[in-house]
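Residue-level structural notes
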Amino acid sequence: AQSVTQLGSHVSVSEGALVLLRCNYSSSVPPYLFWYVQYPNQGLQLLLKYTTGATLVKGINGFEAEFKKSETSFHLTKPSAHMSDAAEYFCAVIGDDKIIFGKGTRLHILP
Amino acid sequence: EAQVTQNPRYLITVTGKKLTVTCSQNMNHEYMSWYRQDPGLGLRQIYYSMNVEVTDKGDVPEGYKVSRKEKRNFPLILESPSPNQTSLYFCASSLGEYNSPLHFGNGTRLTVT
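Below you will find a few notes about this structure. It should be emphasised that the depicted structure is a prediction, and the values quoted were computed from it without experimental measurement.

Details of the pattern of salt bridges
Residue and element names in this part refer to chain B. The tally for this structure, following the rule as stated, stands at seven salt bridges over all chains. In this structure, D38 and R36 form a salt bridge, with 2.8 Å as the shortest nitrogen-oxygen distance. A salt bridge links E79 to K65, with the nearest nitrogen and oxygen atoms 2.9 Å apart. Taken together, the residues span a long stretch of sequence, with E79 in the loop between β8 (76-78) and β9 (87-94) and K65 in strand β7 (residues 65-66) at a distance of 14 residues. K65 sits in the partly exposed class, given a relative accessible area of 41%. Counted as one network, the salt bridges with shared partners bring together R36, D38 and R44.

Shown next, in the form of structure tokens:
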């Protein structure tokens, strides 16, 4: 059965600093991996997804994630944080037959 | 505009009073699903539907019902709500293929007193 672990329920970074949100997964089959973002009072929106092919995936708003099979990781990064990036981020995996979400990481941007 | 529409956005009710949360999508998606979001627990799937007249239980189906009579609509029914169903609910839809992303509604915040 697949699972997703997001390290850190809250992450704080300064405006302009690197954003790194960690996601590790387990899956018995090659996974499809997603990052979603949830802004206050809104539903989740797709940031990026990995299916097959290039392991470095670029998404919206300057975010990217790298699929590392050997580390079973799919960490989300952004070189320079903006205040508008403050939101909750969810990693998700589809492995066997259903999508599983991580518990989420709330990103705080410090001025 | 392609979207998933949920109504109402906010709902306060009392224990035992039947309620329905509506969900509609205009993208001709095959797959629809309901989730509840609770602090520290992330999103948990309640029910899903792969197509019209086909519904299946998710991880936390107790106390909920759904129906899929039309492709675009997937209402969530609480026959006898209880306080432990106080939560933020999301409807989502997708094309149904494994690598298809989910499109989410804006959520319904339900309080049961």
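Digging into the environment of N73(B)
Residue and element names in this part refer to chain B. Note that N73 resides in the loop between β7 and β8. Linking N73 and N106, residues 33 residues apart in sequence, is a C-alpha distance of 16 Å. Excluding anything up to four places from it in sequence, N73 contacts C23, S24, M32, S67 and R68. At 2.7 Å, the side chain of N73 forms a polar contact with the side chain of E70.

Cut-offs and rules
Residues numbered from 1 in each chain as written. Chains lettered and ligands numbered in written order. Predicted model: local features only at pLDDT ≥ 70, side-chain atom pairs only at ≥ 80, totals over all residues. Heavy atoms only, no water. Salt bridge = Lys/Arg side-chain N within 4 Å of Asp/Glu carboxyl O. Helix = DSSP H or I, 4+ residues; strand = E, 2+ residues; numbered from the N terminus. Buried < 20%, exposed > 50% of the residue type's maximum accessible area, 1.4 Å probe, protein only. Contact = heavy atoms within 4.5 Å. Polar contact = N/O pair within 3.5 Å; in protein donor to acceptor, adjacent residues only side chain to side chain.

Keep in mind these numbers describe shape, not what the thing actually does.
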